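These are the residues of each chain, in order.
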Amino acid sequence: MHRDFPELNTKGEVLIVEDTPASLKLLSDLLGGAGYAVRQAPNGELALWTAQARPPDLILLDVRMPGLDGFEVCRRLKESPELCQVPVIFLSAQHDTDDKVRGFALGAVDFIAKPFQAEEILARTDAHVRLRRAQLQLAQERATLEQRVAERTAELEQVASTLAREVQIRRANEELLRLSGQVFEATQDAILITDARGIIVASNPAFTRISGYTAAEVRGLDIMDLHAAGESDLPCQAMHQGLRSSGCWSGEVQTRRKSGDSYPCLLSATTVNGPDGAIINYIGVFLDISERKAEQHLIDFLSWHDALTGLPNRALVRERFEQQRLAAARDGQQMVLMCLDLDRFKNINDSHGQAVGDKALQVVARFLSSCVGEGDTVARQGGDEFQILLQDDALLGRTMALAQTILAGLREELNVGGEHLALTTSIGIALCPADGDTLDDLLRHADTALVRAKEMGRDHYAFFTERMGSDIRARLAMQQQLRGAIARGEFEVHYQPQMCLSTGAMLGAEALLRWDNPVLGKVPPNLFIALAEEYGLITAIGEWVLDTVCAQIRAWQGAGLGSIKVAVNLSGKQFAQDRTVPFVEATLRKYDLAPGCLGIEITESTVMGDPDKAVAALTCLKDIGVSISLDDFGTGYSSLGYLKRFPIDVLKIDKSFVDDVTTSSSDAAIALSVISLAHNLHMRVIAEGVETREQVDFLRRHGCDEMQGYYFSRPLAVEAFTALLREHGPLCAT
């Protein structure tokens, strides 16, 4: 394969097809000044004629032109055997997704958006021209190599025939033998000669240089001993078949060096026959093609990957999508496409330079790759645009968690070559089959969702929502509103009184969180608490509740309303964190409160996840002086053996047992068992959800210490609870 380069002193030849004179001149001056030979065509017809006259290295092709537009010109170019391999970069309006999809389908290798950026024009032109010239150069070298092998093979076949004949006729032609020996010694191609059994009888210096074996070390070895261990035997089988059928064979095999390393070589093997037709020798001539293979691998890699980050490109994403789509449907999963765009990334290039910008993209690529799981695909589509392809179930929990992880991770400063950079990203998400069955559909819809994410203020993610199920939309809306709810002042703490069953006095209260969102309205705690735990927001919310309650206790004390004890619920995830106990101590000090004013309520599941760690944390809280209540006792899976180890002050009887305590013998038995167990362990008992006089009488009669529920009061906002405190008089924490 051969191609004449018209101007050897240029970096390459570029054909610019542009109907706007100003743009045509701008591009011509830019590329000409950069060392390229430039040809011009103001319309599609002239572009085709010019390209056919002499194929350029690269074509910059305007999409919108009168007459033949860019798409039709590209289609005709790709139909031409002489021009189909010439790379085409479309010049198109920015963010025109339909143009991009159509252009890539026609065979374009890239897009450059208008208005033009000089650095982008030069960078993309350099990349594709270098790749084109490397391909042409490699093809030309391969043709030369094959011709060289053929010539060497023919030459050495003649040498071998001469050598064999000289042996048979005992130096009948001594001059020819001497010349053959010189060729054998001087050639740069490795040569091995074996006998009819394949035992090596001679090797030349080139073989020693390539393999590391001296002639003495390989003499007497079976030539198959040089075959690389673990490699396929098929090439060797094909060689034996070729030698038996035609007396010659040529192909690629893997051999090993003396060091043990394997390397690819192009082998040409020939049979040497004696006067009677019997085989007397085999001659092997081989070339080390390691470097050429590495070049080919690089070209193959760049065909499927981004050169800057090494991530898959759009072509590889398309292939993986087609491979995984049917499997996902069969497994009840859906394909998810996330399109990411770094927010205001141009500012980094402008303020720190393109080199730092490129390093930042590489850091982001490594970060995104660390966030996904096995089987997921992270790709770069050029500029600061990335894509992630994954599978998820119908509720999309994994997708939303991944989006949160990416957003949170990129907010942290990145160390890029000593520069500390803060980045954020916007993410658009589309689903298959909900939003389309093809990758092009998902790309278009994810791009739409990306625009919406940026409209939300950037540093957000958004789903393409036209056909999304109402349950997912509601979950997504709740999760998005939950972020920032504290800062917007949407949370409020209500207080439900806890009454002494023997005296009727109010002893304390339980703090209960309420959320009133202007978009969602009043959201039940059983919905948003679980969502806050799932997305890592519960710690901030729990600490806000604890701080708010302590501040309110201090306010009540300052108003002369006594030292009321308030119990605060602690979630499992918050309880598992090492910072929780120090935070409780710091908050009590902050408001100068006695620890007896605060109670911590935990559930069975909270402490049973890691009982040993739970004992240590509860002991620390108890040592501070904070009381501990075990909520929902009997509804979980606690072990009595562990229960006696926990420093618990109060057991709470769950409402599910209190509801029918006067009508169900089993519920009554459970309630009595909890009361007896608690008293035997020196704990107090609080009954939750008490709503009737009959329940109050039963619980008082059987020794329950305290109660809370609608019979006395619903949970009250702080103003109403303050009024209740004034009515009952100053309290003392017990």
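Fair warning: this is a prediction, and the values are worked out from it, not measured in the lab.

### Section: the overall build of the protein
Logical step 1: If you tally the helices and strands in the protein, you get 27 helices and 26 strands.
Logical step 2: Going through the 734 residues of the protein one by one, you find that 47% of them count as buried.
Logical step 3: For the protein, contacts bridging at least 24 residues in sequence account for 63% of all contacts bridging at least 6.

### Some points on the pairing of strand β12 (residues 377–382)
Remark: a regular strand shows side chains that alternate across the two faces of the sheet.
Logical step 1: Counting buried positions along β12 gives six out of six residues, so the element sits mostly inside the fold.
Logical step 2: Sheet topology note: the β12/strand β13 (residues 385–392) ladder contains five bridges and is antiparallel. Within β13, the position partnered with A379 by the bridge is Q387.
Logical step 3: Adjacent in sequence and paired antiparallel, β12 and β13 are bridged by two residues, among which G383 carries a positive phi angle near 60°.

### Some thoughts on unusual backbone geometry
Logical step 1: In this model, K114 is joined to P115 through a cis peptide bond whose omega is -5°.
Logical step 2: Residue position: P115 is located in the loop between β5 (110–114) and α5 (118–168).
Logical step 3: A cis geometry characterises the amide bond from C432 onward to P433, with omega recorded as 15°.
Logical step 4: With respect to the helices and strands, P433 occurs in the loop between β16 (425–432) and α15 (439–455).
Logical step 5: Phi is positive for L396, which is not a glycine, with a value near 60°.
Logical step 6: The residue L396 is located in the loop between β13 and α14 (397–411) in this model.
Logical step 7: Despite not being glycine, H682 has its phi angle at roughly 60°, a positive value.

### With respect to empty space enclosed by the protein
Logical step 1: Here the structure, examined in full by the defined rule, presents two cavities of 30 Å³ or more.
Logical step 2: In this structure, the largest cavity occupies an estimated 120 Å³ of space.
Logical step 3: Lining the largest cavity are 16 residues, with Q498, K565, R684, I686 and E706 sitting closest to its centre.
Logical step 4: Of all elements in the fold, only β19 (506–517), β21 (565–569), β22 (598–603), β23 (627–633) and β25 (684–687) reach the threshold of two or more residues within the lining of the largest cavity.
Logical step 5: A class-by-class count of the residues in the lining of the largest cavity yields six nonpolar, six polar and four charged.

### Section: the layout of surface pockets
Logical step 1: If you add up the space inside the second largest pocket, you get close to 1,000 Å³.
Logical step 2: Those elements that provide at least two residues to the lining of the second largest pocket are β19, α17 (525–534), α18 (538–558), β21, α19 (572–575), β22 and β23.
Logical step 3: Residue classes in the lining of the second largest pocket are distributed as 14 nonpolar, twelve polar and ten charged.

### Some points on the sheet that holds β16
Logical step 1: Ordered by their spatial adjacency, five strands build an open sheet running β12-β13-β11-β16-β17, and the pairing between neighbours is mixed. In this open sheet, the two strands that pair with only one neighbour each are β12 and β17 (461–463). This sheet shows a mean twist of 20° between the axes of neighbouring strands, independent of strand direction.
Logical step 2: Judged from the eight bridges that link them, strand β11 (residues 334–342) and β13 form a sheet pairing that is antiparallel. Paired with M338 across the two strands is I388, which belongs to β13.

### A few points about the sheet that holds strand β6 (residues 190–195)
Logical step 1: Overall, antiparallel pairing links the five strands, which are arranged β7-β6-β10-β9-β8 in an open sheet. On the outer flanks of this sheet lie β7 (200–203) and β8 (248–256), each paired with one strand and no other. Strand-to-strand twist across the sheet, computed as the mean angle between neighbouring axes with direction ignored, equals 25°.
Logical step 2: Note: β6 against strand β10 (residues 279–288), six bridges, orientation antiparallel.

### Here's the deal with the environment of D126
Logical step 1: Mapping D126 onto the fold places it in helix α5.
Logical step 2: Spatially, the C-alpha atom of D126 lies 9.1 Å from that of G12, the residues being 114 residues apart in sequence.
Logical step 3: Other than its neighbours up to four places away in sequence, D126 contacts K11 and Y36.

### Focus: the nonpolar core
Logical step 1: Formed by 115 residues in total, the largest nonpolar core has its most connected members in M338, I406, Y495 and F721.
Logical step 2: Top element by residues in this core is helix α13 (residues 354–371). It accounts for nine residues.
Logical step 3: Grouped together as the second largest cluster of nonpolar side chains are 21 residues, V17, V63, C74 and A108 included.

### Here we look at the environment of R39
Logical step 1: Relative to the assigned elements, R39 resides in strand β2 (residues 37–41).
Logical step 2: Residue classification places R39 among the buried positions, given a relative accessible area of 15%.
Logical step 3: Linking R39 and L15, residues 24 residues apart in sequence, is a C-alpha distance of 4.7 Å.
Logical step 4: For R39, the contacting residues outside a window of four places in its chain are E13, V14, L15, I16, T50, R54, P55 and P56.
Logical step 5: In terms of polar contacts, R39 uses its side chain to reach the backbone carbonyl oxygen of R54, at 2.4 Å.

### Comments concerning the packing of aromatic side chains
Logical step 1: Applying the stated criterion across every chain, the model contains eleven aromatic pairs.
Logical step 2: Ring geometry for W515 and F528: centres 5.4 Å apart, planes at 75°, overall edge-to-face. One end of the pair, W515, is in strand β19; the other, F528, is in helix α17, and 13 residues separate them in sequence. Comparing W515 with F528, the two get one shared label, buried.
Logical step 3: Linked through ring pairs, F71, F90, F104 and F111 together constitute an aromatic cluster.
Logical step 4: Stacked on the ring of Y710, the Lys or Arg R714 has its end atom at 4.1 Å from the ring centre.

### Focus: the confidence of the model for the protein
For residues with low pLDDT, the predicted coordinates do not support detailed interpretation.
Logical step 1: Of all residues in the protein, 88% attain a pLDDT of 70 or more, and the chain-wide mean is 83.
Logical step 2: Segment residues 1–8 is flagged for pLDDT under 50; beyond a separation of four residues in sequence, or across chains, it makes 17 contacts in the model.

### A short note on helix α27 (residues 718–728)
Logical step 1: Among the residues of α27, those classed as buried are V718, F721, T722, L724 and L725. Along α27, the residues classed as buried sweep out an arc of 160° about the axis, all on the same side. Exposed residues pointing more than 90 degrees away from the buried face of α27 are listed as E719, R726 and E727.
Logical step 2: On its buried face, α27 sits against β18 (491–500), β19 and α18.

### Thoughts on the pairing of β23
Logical step 1: Of all the seven residues making up β23, six are buried; the element is thus mostly covered by neighbouring parts of the structure.
Logical step 2: Alignment of β22 against β23, held across five bridges, turns out to be parallel. Bridge pairing in β23 places E601 opposite S629.
Logical step 3: As judged from the three bridges shared by β23 and strand β24 (residues 650–653), these two strands associate in the parallel manner. Note on β24: the bridge partner recorded for S629 is V650.

### Examining helix α26 (residues 693–701)
Logical step 1: Regarding α26, the residues found buried are Q695, V696, F698 and L699. For α26, the arc enclosing every buried residue in end-on projection is 165°, short of the 170-degree limit, so these residues lie on one face.
Logical step 2: Against the buried residues of α26 lie α24 (655–658), α25 (665–680), β25 and β26 (706–707).

Conventions and cut-offs
- Chains are numbered independently. Their residues run from 1 in the order of the written sequence.
- Reporting of local features is limited, given that this is a predicted model, to residues whose pLDDT is at least 70; pairs of side-chain atoms are given and counted only at 80 or more, and all residues count toward the totals for whole chains, interfaces and linings.
- Just so you know, side-chain values use all the structure's heavy atoms and leave hydrogens and water out.
- For the purposes of this entry, the term helix denotes a DSSP run of H or I that reaches at least four residues, the term strand denotes a run of E that reaches at least two, and both are numbered from the N terminus.
- Remark: exposure states derive from per-residue accessible area (1.4 Å probe, protein chains only) relative to the maximum for the residue type, with buried under 20%, exposed over 50%, and partly exposed in between.
- By the convention used here, residues are in contact when the closest approach between their heavy atoms is within 4.5 Å.
- By this definition, two strands are paired if DSSP reports at least two bridges between them.
- Using a grid of 1 Å spacing that covers the protein atoms alone, one calls a set of points a cavity when a 1.4 Å probe fits there but cannot get out, and a pocket when the set is open and has protein on both sides within 12 Å along at least five of seven lines; lining residues are those with an atom within 4 Å of a point.
- Grid points are joined across faces, edges and corners, and a volume is the space filled by probe spheres set on the points.
- Residues are grouped as follows: Ala, Val, Leu, Ile, Met, Phe, Trp, Tyr, Cys and Pro are nonpolar; Asp, Glu, Lys and Arg are charged; all remaining types, including Gly, are polar.
- The axes used here are C-alpha line fits, helices contributing only the stretch in contact, and every angle between their N-to-C directions lies in the interval 0 to 180 degrees.
- Here, nonpolar core means buried Ala, Val, Leu, Ile, Met, Phe, Trp, Tyr and Cys residues that are tied together by side-chain atoms lying within 4.5 Å of each other.
- Nitrogen and oxygen atoms within 3.5 Å of one another constitute a polar contact, given that in protein one can donate a hydrogen and the other can accept it, and given that sequence-neighbouring residues count only through two side-chain atoms.
- For Phe, Tyr and Trp, rings pair up if their centres lie within 6.5 Å, where Trp contributes its six-membered ring, and each pair is then called stacked (planes under 30 degrees apart), edge-to-face (over 60) or tilted (otherwise).
- Consider the ring centre and the ring normal. A charge sits over the ring if Lys NZ or Arg CZ is within 6 Å of that centre and within 35 degrees of that normal.
- For every residue, the predictor reports its confidence as pLDDT, a number between 0 and 100.
- Arc definition: directions from the helix axis to the C-beta atoms.

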